[in-house]
Amino acid sequence: MKYKYILAVLSLALFVSCNSSTSNDTKIILQICTGGWNNRNYTTEQIIDRLDKVTETIPVEKVIIGWNLETEPYVKIGEYLHSRNIKMILWMPVFSEIGHLEEAQQSVDLWGVMTDSYNLQEGEDFTFYCPSSEQNLNAVKNIYKKYFAECGFDGVFLDKIRTASYVAGQSGVLSCGCDRCMQIYKDNNIDVESLKAKADNGIVYGDSEMTEFLKVKAAIISKSVGELEDWFHAKGLEVGLDLFSPDLADIVGQDYTALSSKADFIKPMMYRKTEAPAGIGFERRAFDPEFSSDALTAEYLYEQLLKAAELSECEVYPGIEINYREDIARTSPEYIKESLEAVRKANIPGVVLAWDIMLAPDSHLDAVK
């Protein structure tokens, strides 16, 4: 009995020790914005030098990088990363940007008018394309095959798997309204005319008809993204997804549970300091001008992380802005620390240092360490 007791105590101690170390072993994914299809932000040497500095002190599991079309840098960067047992994941847009390279069907609203575009910077716009179009899905596949298939990527990270948000006006949310999508709404008993009449009188949010419409829109997006996930998986690639924060995801047609059911990981964009698309405060003020970013506390982040984990069927790696930009991302070391503490408190396995490690001040990297 004495020996059994000692063994039991030792086993318990080992169990606690292992679980404690695991809970503190946060997985780190880096994100690098190489530029749009045709405008390149950095040289290969600049990227590798930066990765050298970061990986000296921070253990990195994956690097999400893209989506500039120059392929030679990816080959060299991939060789560098693979020599350090780090995966290279292609950052790739799906329902936006593709029309620059392939014939694609642009999204229209419920009135049949092309949805407005939001232009953030050269090489990146927010013109959206129909999520139910097989032509558009083929465009994504063709772009991958033509430009990226031979670069040595271990996976893909699918961005812009959504419709426009209220940033593009209410018509952006009330899309796509092409004949094919309209038939899907009709088949699901959505009263489009009633919804249009309400929209003509102002912003519609939280209304029961709007809620049902958003569910059907999300189902359309989930089906198409699922087809792409299957296609990339068949090529031996892992698949990650870029998602809005849980409290905004329904607006743009993102169903966490459906989308994550086939994904290897998701990245909820928990951007509390970003004054640009996907920034939580920026998106909220588009339909609620009185919303204050003061509400985006660490507690809010913690609650959103719990919700993301509850809704998801794959690993969750929240995106926290590591970069600093005076115009749209005024982050600080304190913000980084506060965010990572919330990630640990929520028992989330990892984090994406988003959205461009190349623009991360040394003070921010020290905060991660």
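What you see as residue numbers is a count from 1 along each chain, following the sequence as written. Only residues with pLDDT of at least 70 get local features here, since the model is predicted, and only at 80 or more are side-chain atom pairs given and counted; chain-wide, interface and lining totals rely on the full set of residues. Calculated side-chain values reflect all of the structure's heavy atoms, with hydrogen atoms and water omitted.

1. Description of the side chain of aspartate 356
If you trace the backbone, aspartate 356 turns up in the loop between strand S11 (350–354) and helix H14 (362–368). Partly exposed residues are those whose accessible area sits between 20% and 50% of the maximum for their type, while under 20% is buried and over 50% is exposed, using a 1.4 Å probe and protein chains only. The positive count covers Lys and Arg only, the negative count covers Asp and Glu only, and His and the chain ends enter neither. The term salt bridge refers to a side-chain nitrogen of Lys or Arg lying within 4 Å of a carboxyl oxygen of Asp or Glu. The side chain of aspartate 356 sits in the buried core without any salt bridge; arginine 325 is the nearest counter-charge, 7.3 Å away. Among the polar contacts listed, one links the side chain of aspartate 356 to the backbone nitrogen of methionine 358, at a separation of 3.1 Å. Starting at the N terminus, helices and strands are each numbered in turn, a helix being any DSSP run of H or I of at least four residues and a strand any DSSP run of E of at least two. Polar contacts, as counted here, are pairs of nitrogen or oxygen atoms within 3.5 Å of one another; within protein the pair requires one atom able to donate a hydrogen and one able to accept it, and residues that are adjacent in sequence qualify only if both atoms are side-chain atoms.

2. Some remarks on the sheet that holds strand S3 (residues 87–93)
At least two DSSP bridges between two strands are needed for those strands to be called paired. With parallel pairing, nine strands are arranged side by side in an open sheet as S9-S8-S7-S6-S3-S2-S1-S11-S10. For this open sheet the edge positions go to strand S9 (315–316) and strand S10 (319–321), each flanked by a neighbour on one side alone. Looking at chain direction, strand S6 (residues 155–159) and strand S7 (residues 238–243) are connected through four bridges and run parallel. Looking at S7, one finds that leucine 158 is bridged to leucine 241. Any two residues whose heavy atoms approach within 4.5 Å at even a single point are treated as in contact. Structural elements are reduced to axes, namely lines fitted to C-alpha atoms, with helices fitted over the stretch in contact, and the angle between N-to-C directions of any two is expressed from 0 to 180 degrees. Docked against the sheet, helix H3 (residues 72–82) engages strand S2 (62–66) and S3, running at close to 140° with respect to S3. Across the sheet, helix H13 (residues 333–345) is in contact with S10 and S11; its angle to S10 comes to roughly 165°.

3. Focus: the pairing of S2
Counting buried positions along S2 gives five out of five residues, so the element sits mostly inside the fold. With burial as the criterion, each face of S2 is covered, one bearing Lys62, Ile64 and Gly66 and the other bearing Val63 and Ile65. Sheet topology places strand S1 (residues 27–33) next to S2; five bridges connect them, and they run parallel. Note on S2: the bridge partner recorded for leucine 30 is valine 63.

4. With respect to the packing of helix H7 (residues 192–200) against helix H8 (residues 208–234)
Taken N-terminus to C-terminus, the directions of H7 and H8 make an angle of 120°; their axes are 10 Å apart at the nearest point. One element, H7, and the other, H8, form an angle in the oblique class. H7 and H8 meet at a crossing whose hand is left-handed. Mapping the contact onto sequence places Ser194, Leu195 and Lys198 in H7 and Glu209, Met210 and Phe213 in H8. All residues other than Ala, Val, Leu, Ile, Met, Phe, Trp, Tyr, Cys, Pro, Asp, Glu, Lys and Arg, Gly among them, are scored as polar; the first ten of these are nonpolar and the last four charged. Across the contact of H7 with H8, the residue classes tally to three nonpolar, one polar and two charged. Each angle gets one of four labels, with under 35 degrees taken as roughly parallel, over 145 as roughly antiparallel, 65 to 115 as roughly perpendicular, and the rest as oblique. Put simply, a crossing is left-handed when the front helix is turned counterclockwise from the back one by less than a right angle, and right-handed when it is turned clockwise.

5. What about the side chain of serine 107?
With respect to the element layout, serine 107 can be found in the loop between S3 and strand S4 (119–121). A relative accessible area of 3% means that serine 107 is categorised as buried. In this structure, serine 107 is in contact with Met114, Thr115, Phe128, Tyr129, Cys130, Ser175 and Cys176, ignoring residues within four places of it in sequence.

6. Brief notes about H3
Residues of H3 that are buried: Pro73, Tyr74, Ile77, Gly78, Tyr80 and Leu81. One side of H3 holds all its buried residues, which, seen down the axis, span an arc of 160°. Close packing links the buried residues of H3 with helix H2 (44–57), S2, S3 and helix H4 (134–148). Note: the arc covers the axis-to-C-beta directions of the helix.

7. A look at empty space enclosed by the protein
The rolling of a water-molecule-sized probe over the atoms marks out the regions of remaining empty space. For each structure, a 1 Å grid was placed over the protein atoms alone; sets of points admitting a 1.4 Å probe that cannot get out are labelled cavities, open sets with protein on both sides within 12 Å along at least five of seven lines are labelled pockets, and lining residues have an atom within 4 Å of a point. Grid points are joined across faces, edges and corners, and a volume is the space filled by probe spheres set on the points. All told, the structure shown has two cavities of 30 Å³ or more when counted by the stated rule. As a volume, the largest cavity reaches approximately 70 Å³. Partitioning the lining of the largest cavity into residue classes produces seven nonpolar, one polar and three charged. In this structure, the second largest cavity occupies an estimated 50 Å³ of space. Grouping the constituent residues of the lining of the second largest cavity by class yields four nonpolar, two polar and two charged.

8. Considerations on the state of the cysteines
A covalent bond bridging the sulfur atoms of two cysteines is what the word disulfide describes. Two cysteine sulfur atoms form a disulfide, by the criterion used here, when they sit within 2.5 Å. The full count for this structure, using the stated rule, is zero disulfides. Take cysteine 181: it sits in no disulfide, and the sulfur closest to it among the cysteines is that of cysteine 178, at 3.7 Å. A relative accessible area of 0% places cysteine 181 in the buried class.

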